[in-house]
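Listed below are the residues making up each chain.
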Amino acid sequence: MSEITPQDQELLDTIEKALLTRWPETQIEPSLERIAALVDVLGSPQLTYPTIHIGGTNGKTTTSRMIDSLLFEMGLRTGRFTSPHLESFVERIAINGEPIDAQALIFSYNDIAAYIEMMDSKFEHPISYFEALTALAFAAFAEHPIDVGVIEVGMGGEWDATNVVLADVSVLMPIDLDHTEYLGETLAEIAQTKAGIIKESGFIVLAQQEPEAAKELLKRAASVGADVVREGIEYAVMSRSVAVGGQLLTIRGAQDTYEDIFLPLHGKHQASNAAAALVAVEAFFGDQELDIEAVRAGFAAVTSPGRCEVLHRDPTIILDAAHNPHGAAAIAETIQSEFTFDEIIGVVAPMGDKDIRGILLELEQVMDSIIVTTNSSVRSTNIDELEKMAIEIFGHDRVFAHEKLADALDKAIKDAIRPLSDDTIGILVTGSVVTAGDARRIMRKKFAKVEK
């Protein structure tokens, strides 16, 4: 991404303010009617390039970044749309693996802004923040132009704004209870909604699922005649060993076995994400054999900010965007199996509408002490309620509270620096994507510049 001038930053800030006046992405009116009308009036830019569509609950963003990196290393011009963002909305729209150039984004926004406003008057609810950003990504990709779009589902699937694409390949990552107010109270109900991205005669990559979710996804695939490959059956992670800065993998794909793959990300769940990404790329290329060196280069180049990201050393500060029990369990397992800390200090700020108790129960297994705090979102959990819940799970002596995340981080860093001790202390900051993004900003100011 080229350097952003003050003038461009001012325009980006104006665009962001205009988008933020719209219905927030946490508030949903389940329908494709508005986004379908909007992309239709824009000339259906999302149909001008083939698409890989990534849904599910956990691992969507990282898997999207892996697919993007693999395709780019194989010589394709890529467009990637992911959500939510860590620090800037510009991150959501990437061209060839990098956040979109500021001037390109400004051009595309100016190109479609009048059409968005025109659509506002045609429906009971105006175009939402997420719908506007989705249309902006589609238009920017068509303008570039790209060879392939890598599109992450925002929420659900069936009525998610991204589901106006006609994906060549769809990927369903592990499904868990999340956004139950919109998606349903059971895994089966949630899976039914997420299965909506499975297209007629499409190709479906199915990551490991709970049986009740798998049943609904397979039922949908059968009803529309889609081909399915399943983790653990048609494809699998054959071996995984911890390596410096990540892990070394052997993946059995649907067509071939790929050895000596270095993935610079930690965790068993990231190995599964890598397998799903590789099989999706295999499917996209059809009968064409993948170049193993391009596969290795693609994985070696993967980054996933805010996902078990080692942000600082001495003390070691790890950020993870886990925002539900499934994600919390994954980071807890990774910390236990791949790091050798004598003690973990947790800094945790979840959203109030999440399964906070479930998150804390998973984190309690790995955190020796916890500092509860808040993030910059109005949805952040009330500090008093969070402290009370943490005390019930961790016990009074292991729980500390600071209203501001910056103060919580200061305490964690101070507590982790022990000149007279040989113990290695790690700091794990988690609970939300917003928490991870806020912590990155705070740490950038406190320490040396953190790579975006």
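As shown above, the structure is provided for reference.
Calculation criteria
Counting of residues starts from 1 at the beginning of each chain's written sequence and follows it residue by residue. Whole-chain, interface and lining totals are the exception, using all residues; otherwise, since this is a predicted model, local features are given only for residues with pLDDT of at least 70 and side-chain atom pairs are given and counted only at 80 or more. Water and hydrogen atoms play no part in the side-chain values, which are based on all heavy atoms of the structure. A run of DSSP states H or I qualifies as a helix once it reaches four residues; a run of E qualifies as a strand once it reaches two. Both are numbered from the N-terminal end. In this analysis, the expected span of each helix is defined as 1.5 Å times one less than the number of residues it contains. We call a residue buried when its accessible area falls under 20% of the maximum for its residue type, exposed when it is over 50%, and partly exposed in between, using a 1.4 Å probe and counting protein chains only. In what follows, residue pairs with any heavy atoms lying within 4.5 Å of each other are defined as contacts. Salt bridge criterion: a side-chain nitrogen from Lys or Arg within 4 Å of a carboxyl oxygen from Asp or Glu. Pairs of N or O atoms are called polar contacts if they sit within 3.5 Å, as long as, within protein, a hydrogen donor faces a hydrogen acceptor (for residues adjacent in sequence, only side-chain-to-side-chain pairs). The criterion for an aromatic pair is that two Phe, Tyr or Trp rings (for Trp, the six-membered ring) have centres within 6.5 Å, with stacked assigned to planes under 30 degrees apart, edge-to-face to planes over 60 apart and tilted to the rest. Lysine and arginine charges are scored as sitting over a ring when NZ or CZ, respectively, is within 6 Å of the ring centre and within 35 degrees of the ring normal.

Caption draft 1: Representation of helix α11 (residues 325-338) in the model. Along its 14 residues, α11 runs 20 Å from first to last C-alpha, staying within 8% of the 20 Å computed at 1.5 Å per residue. Those residues of α11 that sit buried are Pro 325, Gly 327, Ala 328, Ala 330, Ile 331, Ala 332, Thr 334, Ile 335 and Glu 338.

Caption draft 2: How the structure looks around the environment of Phe 81. Tracing the chain through its elements places Phe 81 in strand β2 (residues 78-81). For the pair Phe 81 and Val 165, spaced 84 residues apart in sequence, the C-alpha separation works out to 12 Å. Here Phe 81 is in contact with Arg 92, Ile 93, Phe 130, Leu 133, Thr 134, Ala 137, Phe 141, Val 150, Ile 151, Glu 152 and Thr 162, once residues within four sequence places are set aside.

Caption draft 3: Expanded view of the pattern of salt bridges. Considering all chains together, one arrives at 18 salt bridges under this definition. The partner of Asp 120 in a salt bridge is Arg 22, and the shortest N-O contact between them spans 2.8 Å. Taken as a pair, Asp 120 in helix α4 (residues 102-120) and Arg 22 in the loop between α1 (6-20) and α2 (33-41) lie far apart in primary sequence, 98 residues in all. Of the charged contacts in the structure, one is a salt bridge between Lys 411 and Asp 415, with a shortest N-O distance of 2.9 Å.

Caption draft 4: Up close: the environment of Asp 353. Take Asp 353: it is sitting in the loop between β14 (343-348) and α12 (356-363). The partly exposed category is assigned to Asp 353, whose relative accessible area is 40%. Along the primary structure Asp 353 and Arg 379 are separated by 26 residues, whereas in three dimensions their C-alpha atoms are 7.3 Å apart. There is a polar contact of 3.1 Å between the side chain of Asp 353 and the side chain of Arg 379.

Caption draft 5: Just the side chain of Thr 435, in detail. With respect to the element layout, Thr 435 can be found in helix α15 (residues 433-446). Here Asn 375 takes part through its side chain, which lies 3.0 Å from a polar atom of the side chain of Thr 435.

Caption draft 6: Looking closely at the packing of aromatic side chains. For the structure on display, the rule yields 4 aromatic pairs. A centroid spacing of 5.7 Å and a plane angle of 90° characterise the contact between Phe 284 and Phe 285, whose relative ring orientation is edge-to-face. Of the two residues, Phe 284 and Phe 285, neither departs from the other in class, the shared state being buried. Across from the ring centre of Phe 400, 4.4 Å away, lies the NZ or CZ of Lys 411, which sits over that ring.

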